[in-house]
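# Commentary on secondary and tertiary structure
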Amino acid sequence: MASPLEVLEHLVNAAVVHAFGADRAGVDPALRPSQFADAQSNCALALARDLRRLPRDIAGDLAEALRAVGLEGVASVETSGPGYLNFTFTDAWLSARLVELAGDARLGVPSVEPETIPIDYSAPNVAKEMHVGHLRTTIVGDSIARTLDALGHRVVRQNHIGDWGTPFGMLIEHLLDVGADSDEAALLRSDPNAFYQAARRAFDGDPAFAERARNRVVLLQALDTETLRIWQELVGRSKDYFNRVYRRLDVTLTDDDLAGESTYNDDLAAICDELEAAGIATVSNGALCVFLPGRTGRDGQPSPLIIRKSDGGYGYATTDLATVRHRVRDLGADRLVYVIGTTQSQHLEMVWETARLAGWLPDSVPTVHVRIGSVLGADHKILRTRSGDSVRLLSLLDDAVDRVRDALSERPDLSDGARDAIAESVGIAAVKYADLSVAHDTDYVFDADRMVATTGNTGPYLQYAATRIRSLVANAPSDEDALLEGSPVLVTNESERALVLDLLGYGSVVAAVGRSYEPHVLCAHLFALAQDFSRFYETSPILQADPELRRSRLRIAVVTLDVLTSGMGLLGITVPDRM
Ligand code: ARG
């Protein structure tokens with residue numbers, strides 16, 4: 001089902017060709033919502049520049065051409081301002097489209113030509129705390145994965161956890177020292193950073209320990225059975241920790257999606273050999289390096305991608321080359337999506353460029369880096385605790401949930417259990433929505449008070465809007481349900497009109513998020529929808545209206561609830577039973 005803007009896009013395209021010939025077919029119809037009409041096109045401005053004519057005249061010609069090509073569903077096209085075209089739909093057209101939407105299980109979300117899309121997100125490190133940076137890639141990545149799923153793509157979630165490398169020498173030795181059953185070892189499941197820090201302290205302060213740790217790395221790399229067993233133990237405990245966080249965040253990742261660095265161990269030697277044999281990698285100061293054209297450091301010296309260190313060890317770049325090869329060759333990727341911090345963009349570009357040279361990444365497979373910006377503290381620096389440590393993710397979540405619970409303390413109607421359930425649902429939604437509603441590549445200040453507010457562009461506001469509509473619908477006379485299905489939708493005033501337009505635009509917004517990887521666009525649409533509902537509710541009596549209008553408005557309310565719930569689902573936010 002085409003959205004109103006898409007319908008107009010087709011019309012404007014046809015009119016442009018009609019008036020100015022097929023050469024101009026590619027011009028952007030530049031359609032957007034308007035204050036003065038249902039939609040506005042600014043395309044006359046660009047055409048006027050090309051054709052060296054007055055925009056106003058171009059707009060006039062287009063209006064005429066539009067009438068000639070036919071304007072199904074459009075009540076009027078008017079020119080205004082320097083050369084805008086304002087469109088207004090007929091009420092009947094809007095009504096018919098909304099009835100169609102109400103009967104559409106997909107609520108207007110299109111089914112696209114399915115592509116196989118591995119998406120790399122979350123990717124925390126074993127025996128280390130998940131920090132706010134991981135929180136953001138987890139939340140944004142999960143929303144993109146849900147959206148691509150909903151559009152009909154074959155999404156392959158890839159959780160590239162850091163489960164291999166030199167720190168495991170000291171982590172294994174520390175686990176042996178404290179004993180697997182100790183309280184210290186239990187930290188791996190509750191506060192992994194504390195465990196990591198303790199291992200680090202031993203490493204820095206005790207030369208004998210450091211020596212053992214280094215020997216342990218050699219054993220690990222040699223795949224010594226006993227060492228691998230202890231390593232497994234460490235990884236297993238970390239997985240428990242990650243899963244706890246994922247379940248609490250209601251994130252779709254499971255153990256099946258784990259594809260950590262260690263999964264590629266067997267591929268790394270061959271990757272290096274192949275690149276060396278092809279002349280793409282060369283040995284420099286003992287290390288095997290890929291020198292890419294134009295890649296220089298600040299000093300103007302070439303900055304290579306190092307794929308094998310001089311001690312023979314492989315690093316982050318080598319495993320990432322393996323991810324590209326695996327995802328294209330074995331998973332059959334049509335495009336590759338990596339949801340990772342902005343700071344890693346140079347790394348990714350160099351990996352992809354190398355993979356293209358090696359023939360592992362054909363030109364037909366585009367790559368996307370969804371750049372994740374930083375989460376800042378009130379001082380506008382990377383969020384840290386007062387002692388300077390990175391903030392524990394679970395404590396951040398607890399904090400948000402506590403704030404909501406406190407705000408609910410004045411509600412005698414709630415049992416303790418109900419209060420806890422609401423606080424958990426709303427607190428988590430608050431944190432997730434804060435991450436999703438700003439452009440993912442910008443930094444933002446973590447402001448727990450603002451996030452949990454039920455006013456403004458927040459997760460709790462959307463949850464509140466949805467629960468309110470649900471209770472409104474539930475309070476409608478019970479015999480109404482059966483009648484709703486067949487009843488017409490009437491567009492009788494401006495607030496109904498604005499709301500109906502939002503509802504009809506939902507599917508194309510979801511499709512746009514699938515192309516641009518920007519969940520904040522969906523957030524903005526849902527926020528506008530919730531606000532427009534609230535205006536509609538204030539100006540258009542529902543239960544008091546006479547039967548025909550009441551049914552029409554109830555129907556609009558039901559569709560609004562469906563669209564809100566569906567959109568929030570794509571953001572990974574649930575509607576609590578009550579608030
Ligand atoms: N574990 C890495 C980190 O914590 C992120 C990995 C992202 N994924 C990738 N394929 N490089 O920074």
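Residues numbered from 1 in each chain as written. Predicted model: local features only at pLDDT ≥ 70, side-chain atom pairs only at ≥ 80, totals over all residues. Heavy atoms only, no water.

### Considering the site of the ligand
- Neighbouring the ligand are D120, A123, N125, H134, H160, Y316, D320, Y338, I340 and Q344.
- In the model, a nitrogen atom of the ligand is placed 2.8 Å from a nitrogen or oxygen of the D120 side chain.
- At 2.8 Å from a nitrogen atom of the ligand is found a side-chain nitrogen or oxygen belonging to N125.
- For the shell around the ligand, the secondary structure elements donating two or more residues are α12 (316-329) and β10 (336-341).
- Among the residues forming the shell around the ligand, the class breakdown is four nonpolar, four polar and two charged. (Near = heavy atom within 4 Å. Polar contact = N/O pair within 3.5 Å; in protein donor to acceptor, adjacent residues only side chain to side chain. Helix = DSSP H or I, 4+ residues; strand = E, 2+ residues; numbered from the N terminus. Nonpolar A, V, L, I, M, F, W, Y, C, P; charged D, E, K, R; others polar.)

### Some details on the packing of helix α17 (residues 459-474) against helix α20 (residues 519-539)
- Contact pair α17 / α20: the axes reach a minimum separation of 10 Å and the direction vectors enclose 40°. When the interaxial angle is binned, α17 and α20 end up oblique. Of the two elements, α17 crosses α20, and the hand of that crossing is left-handed. Residues Y461, L462, A465, R468, I469 and L472 of α17 lie in contact with α20, whose contacting residues are L526, F527, A530, Q531, F533, S534 and Y537.
- Of the residues contributing to the contact of α17 with α20, the split by class is ten nonpolar, two polar and one charged. (Axes fitted to C-alpha atoms, helices over the stretch in contact; angles between N-to-C directions. Parallel < 35°, antiparallel > 145°, perpendicular 65-115°, else oblique. Left-handed = near helix turned anticlockwise from the far one by under 90°. Contact = heavy atoms within 4.5 Å.)

### Re the environment of C272
- Within the secondary structure layout, C272 lies in helix α11 (residues 268-277).
- On the basis of relative accessible area, C272 is assigned to the buried category, the value being 0%.
- For C272 and T318, which are 46 residues apart along the polypeptide, the C-alpha to C-alpha distance reads 7.9 Å.
- Not counting residues up to four positions away in its chain, the partners in contact with C272 are L288, I307, R308, Y314 and T318. (Buried < 20%, exposed > 50% of the residue type's maximum accessible area, 1.4 Å probe, protein only.)

### Points about helix α6 (residues 167-178)
- The terminal C-alpha atoms of α6, which comprises twelve residues, lie 17 Å apart, in line with the 16 Å expected from a rise of 1.5 Å per residue.
- Considered for burial, the residues of α6 that qualify are F168, G169, M170, L171, I172, E173, H174 and L175.
- Those residues of α6 that are buried are in contact with α7 (183-190), α8 (192-205), α9 (207-221) and α10 (225-249).
- At the C-terminal side of α6, G179 shows a positive phi close to 90°. (Expected span 1.5 Å × (residues − 1).)

### A few points about the packing of α7 against α10
- Following both chains from N to C, one finds α7 and α10 inclined at 45°, their axes separated by 7 Å at the closest point. Classified by the angle their axes make, α7 and α10 are oblique. Within the contact between the two elements, α7 uses A185, A186, L188, R189 and S190 and α10 uses L234, R237, D240, Y241 and R244.
- Among the residues forming the contact of α7 with α10, the class breakdown is five nonpolar, one polar and four charged.

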